[in-house]
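Residues per chain are reported as follows:
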Amino acid sequence: MQVTRREFGFGLGAMSLAGCAGGGTGGVSAPTSLWRAVPNPAFSAWVDSFRSRAVAAGVSPGAVTSGLRGVGYIPAVIERDRNQTEFKRSLQDYLAIAASESRVSDGRAQLRARRATLNAIEARYGVEAEVVCAIWGLESRFGTRRGDAPVISSLATLSFDGRRGVFFEKQLIAALKIIERGDVSADRMVGSWAGAMGHTQFIPTSYQAFAVDFTGDGKRDIWSDDPSDALASAAAYLSRNGWKRGVPWGMEVRLPARYGGPFGRNARQSVGTLRNAGVTRANGAALPDFGTAGILIPSGRSGPAFAVTSNFGVILRYNNAENYGIGIGHLSDRITGGSPIRGTFPPDAFGFNLEDRKMLQRGLNRAGFDVGDADGVLGRKTEAAIRAYQQSRGLPVTGTPSRELLARLS
Ligand SMILES: [Ca+2]
């Protein structure tokens, strides 16, 4: 789970992805004791020194006192921070989770159920309903994984810990100002362990800059079960960063063998130039005229290719990772009936394609070694299952897939 997005931009699509991959985040309806605070004298001393800095930064003394009432040091937050993986998911794995069949069907259901609200948001902010819906789907699995960590204590713990103390202290001060303004009480201010809050997982400074009151009750409430304010806030975020209504995020394309570049989202060419170069839609149809676009080949020349517009760059302002941008764009297309990726992904480092990986996972599940959903994404749970299987059969314990292993399990 890599949730400190926006300003650092090293996130995946947040908690819902991690949760889907077996990360386990604690749903909003089931608060856990995971976030228990423990006594820590050094932390208490840090909180006392922080108070004057918060006042100097513009939080009133009363708001500092009330906002920090009950603040505590939470070891589980530090554990999460330490266990962030540097591992970069392949686009294929990313999309298998981000645009899984269940997320697509949930997205279609939500688009229907929230149609009036999403249309009103689209009318006000000029961001298409399905794009807002896709952000909701990736950020919090349509509101079902908003996180239940107490934000003030989490941010204070991370600020005290100091690994990225400057960043988190800035977030903590912003969080106190949000409480002072009256949008939410300290006890209702919950989110991810890294302080991303509500349906669309805003960190406090993003909330301050972009959150809106769409329901008209005077509160910018991204925490409530009603997602209206949060969804409008996400639309406002994109709008303020330059979203152009009516321009697609991009689309999957087919490159002719002779296409030699340029590549990269900022190397944008006109549609006319791309057509002349022989670039078509993935189904072979002519490219529609959407202005200019850059060509991305995230899985190399043999994998799927995408033409991405300026709106793709706007999505990356929300979370600065190209896989995230493609994930949002593709999910929004699937929600409105678009087809799955047509291009073929190259085999992984083990020579396995998606179907091989699913077969391996189904085999492990059948043999009694639980990998969860056989989604073709080989995460920690699959690795542990492979190890356990190898151990039980007296095989060398590698934790990695192989043809021999697949044959044994088939
Ligand atoms: Ca409101």
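Residues numbered from 1 in each chain as written. Predicted model: local features only at pLDDT ≥ 70, side-chain atom pairs only at ≥ 80, totals over all residues.

1. What about the overall build of the protein?
For step 1, the next point in the chain: Counting secondary structure elements, the protein contains 18 helices and seven strands.
For step 2, the next point in the chain: Taking 410 residues into account, the globule formula puts the C-alpha radius of gyration at 22 Å, and the protein, at 23 Å, falls close to it.
For step 3, the next point in the chain: Each of the 410 residues in the protein was classed as buried or not, and the buried ones make up 48%.
For step 4, the next point in the chain: Sequence separation of at least 24 residues holds for 70% of the intrachain contacts in the protein that already meet a minimum separation of 6. (Helix = DSSP H or I, 4+ residues; strand = E, 2+ residues; numbered from the N terminus. Rg over C-alpha atoms; globule rule 2.2 N^0.38 Å. Buried ≥ 20, exposed ≤ 12 C-beta atoms within 10 Å, placed from the backbone. Contact = placed C-beta atoms within 7 Å.)

2. Looking at the domain arrangement of the protein
For step 1, the next point in the chain: By domain assignment, the protein separates into domain 1 (14–240), domain 2 (250–308) and domain 3 (354–409).
For step 2, the next point in the chain: Taking only C-alpha atoms into account, the centre of domain 1 sits 35 Å from that of domain 2. (Domains from an automatic or database assignment.)

3. Examining the sheet that holds strand β7 (residues 305–308)
For step 1, the next point in the chain: The sheet built from five strands is open, its strands ordered β4-β6-β7-β3-β5 with antiparallel pairing. Of all the strands in the sheet, the pair left with one neighbour each is β4 (269–270) and β5 (280–281).
For step 2, the next point in the chain: In this sheet, β7 lies alongside strand β6 (residues 292–296) in antiparallel orientation, the contact comprising three bridges. By the bridge assignment for β7, Ile295 is matched with Ala307. (Pairing = 2+ DSSP bridges.)

4. Details of the packing of helix α8 (residues 129–140) against helix α15 (residues 322–335)
For step 1, the next point in the chain: As a packed pair, α8 and α15 sit with axes 8 Å apart at the nearest point and diverge in direction by 115°. As α8 runs across α15, the sense of the crossing is right-handed. Within the contact between the two elements, α8 uses Glu130, Val131, Cys133, Ala134, Ile135, Gly137 and Leu138 and α15 uses Gly327, Ile328, Leu331, Ser332 and Ile335.
For step 2, the next point in the chain: A class-by-class count of the residues in the contact of α8 with α15 yields eight nonpolar, three polar and one charged. (Axes fitted to C-alpha atoms, helices over the stretch in contact; angles between N-to-C directions. Left-handed = near helix turned anticlockwise from the far one by under 90°. Nonpolar A, V, L, I, M, F, W, Y, C, P; charged D, E, K, R; others polar.)

5. Section: helix α6 (residues 101–113)
For step 1, the next point in the chain: A rise of 1.5 Å per residue sets the reference length of α6, with its 13 residues, at 18 Å; its end C-alpha atoms lie 18 Å apart and thus fit the reference within 8%.
For step 2, the next point in the chain: Burial in α6 covers these residues: Arg103, Val104, Gly107, Gln110 and Leu111. For α6, the buried positions fall inside an angular range of 125° around the axis, keeping them on one side. Counted as exposed and oriented over 90 degrees from the buried face of α6: Glu101, Ser102, Ser105, Ala109, Arg112 and Ala113. (Expected span 1.5 Å × (residues − 1). Arc of directions from axis to C-beta.)

6. Observations regarding the pairing of strand β3 (residues 250–254)
For a regular strand, the rule is simple: side chains alternate between the two faces of the sheet.
For step 1, the next point in the chain: Within β3, four of the five residues are buried, which leaves it mostly tucked inside the rest of the structure.
For step 2, the next point in the chain: Across four bridges, the pairing between β3 and β7 is antiparallel. Bridging across to β7, Glu252 finds its partner in Phe306.

7. Focus on the pairing of β6
For step 1, the next point in the chain: Taken across its five residues, β6 has four buried, putting it largely inside the fold.
For step 2, the next point in the chain: Of the strand pairs in this sheet, β4 and β6 are connected by two bridges, and their pairing is antiparallel. When the sheet's bridge partners are listed, Ser270 is paired in β6 with Thr292.

8. Section: unusual backbone geometry
For step 1, the next point in the chain: The omega torsion across Gly261 and Pro262 is 5°, close enough to zero to call that bond cis.
For step 2, the next point in the chain: Considering the arrangement of structural elements, one finds Pro262 in the loop between β3 and β4.
For step 3, the next point in the chain: Unlike most non-glycine residues, Arg141 shows phi in positive territory, near 50°.
For step 4, the next point in the chain: For Arg141, the location among the structural elements is in the loop between α8 and β1 (149–150).
For step 5, the next point in the chain: Look at Arg141 and you get buried, because 23 C-beta atoms sit within 10 Å.
For step 6, the next point in the chain: A positive phi angle is found at Gln201, which is not glycine, with a value near 50°.
For step 7, the next point in the chain: As for its position among the elements, Gln201 is in the loop between β2 (190–191) and α11 (204–210).
For step 8, the next point in the chain: Classification of Gln201 as buried rests on a count of 33 C-beta atoms within 10 Å.

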